[in-house]
Amino acid sequence: QVHLVESGGGLVQAGGSLRLSCAISGPTSSSGRMGWSRQPPGKEREFVGGINWSSTHTYYAESVKGRFTISRDNAKNLVYLQMNSLKPEDAAIYYCGTFSGWGNINSVATYDNWGQGTQVTVSS
């Protein structure tokens, strides 16, 4: 199974930026479609963004469109989430994930493999 490790989280002021990274190891041939989700304190996990293998298609939650950008470097087995104009409501644990087979990349229920997460805190 693919192993995913997120990094890059931290504390940032509202309006600031962070770039999260997700390192992929293991049978990377099964990590074609990747996604990011987040779970704010006391709330359910929600989809943030997704990307296909060739980076020709990206998908975003409405709440982050225009502020977040997902990208990947297949040569380095890395997936990124660039987060700009951060708001206090963006504070959450952020997870990268992947899934086998077919499914809706925009739905967290589709994913069957997640990393351990990285904490993002946004101060107002």
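Before reading on, note that the structure itself is shown above.
Computed from a predicted model, the values in this text were never measured in an experiment.

**Quick look at the pattern of salt bridges**
And step 1. Across all of its chains, the model carries 4 salt bridges by this definition.
And step 2. Among the salt bridges present, the one from Glu-46 reaches Arg-38, with a minimum N-O distance of 2.5 Å.
And step 3. Taking the relative accessible area as the measure of exposure, Glu-46 reaches 31% and is therefore partly exposed.
And step 4. Here Glu-62 and Lys-65 are joined by a salt bridge, their closest N and O atoms 2.8 Å apart.
And step 5. Of the residues examined, Glu-62 reaches a relative accessible area of 63% and is grouped as exposed.
And step 6. Residue Lys-65 is classed as partly exposed on the basis of its relative accessible area, which comes to 45%.

**Side note on the nonpolar core**
Side chains that are nonpolar tend, in soluble globular proteins, to be buried together.
And step 1. In terms of nonpolar packing, the biggest core is built from 29 residues, with Trp-36, Phe-68, Leu-81, Met-83 and Tyr-94 touching the most fellow members.
And step 2. Among the elements of the structure, strand S3 (18-25), strand S4 (34-39), strand S5 (46-51), strand S7 (68-73), strand S8 (78-83), strand S9 (92-98) and strand S11 (118-123) are those that each provide at least two residues to this core.
And step 3. Sorting elements by how many residues they give to this core places S3 first, with 4 residues.
And step 4. Not counting residues up to four positions away in its chain, the partners in contact with Phe-68 are Arg-38, Val-48, Tyr-60, Leu-81, Gln-82, Met-83, Asn-84, Leu-86, Asp-90 and Tyr-94.

**Concerning the environment of Ile-105**
And step 1. Assignment of secondary structure puts Ile-105 in the loop between S9 and strand S10 (113-114).
And step 2. For Ile-105, a relative accessible area of 8% corresponds to the buried category.
And step 3. When the C-alpha atoms of Ile-105 and Ile-51 are compared, they prove to be 8.1 Å apart, with 54 residues separating the residues in sequence.
And step 4. Excluding residues within four positions of it along the chain, Ile-105 makes contact with Arg-33, Met-34, Phe-47, Gly-50, Ile-51, Tyr-59, Phe-99 and Tyr-111.

**A closer look at the state of the cysteines**
And step 1. Taken as a whole and judged by the stated rule, the model has 1 disulfide.
And step 2. For Cys-22, the disulfide goes to Cys-96, at an S-S distance of 1.9 Å. Disulfide Cys-22 to Cys-96: torsion about the S-S bond roughly 50 degrees, handedness right-handed. With Cys-22 in strand S3 and Cys-96 in strand S9, the pair connects residues that are 74 residues apart, well separated along the chain.
And step 3. Overall, the relative accessible area of 0% leaves Cys-22 in the buried class.
And step 4. Cys-96 gets classed as buried once you look at its relative accessible area, which sits at 1%.

How each quantity is defined
- Residues numbered from 1 in each chain as written.
- Predicted model: local features only at pLDDT ≥ 70, side-chain atom pairs only at ≥ 80, totals over all residues.
- Heavy atoms only, no water.
- Salt bridge = Lys/Arg side-chain N within 4 Å of Asp/Glu carboxyl O.
- Buried < 20%, exposed > 50% of the residue type's maximum accessible area, 1.4 Å probe, protein only.
- Core = buried A, V, L, I, M, F, W, Y, C linked by side-chain atoms within 4.5 Å.
- Helix = DSSP H or I, 4+ residues; strand = E, 2+ residues; numbered from the N terminus.
- Contact = heavy atoms within 4.5 Å.
- Disulfide = S-S within 2.5 Å.

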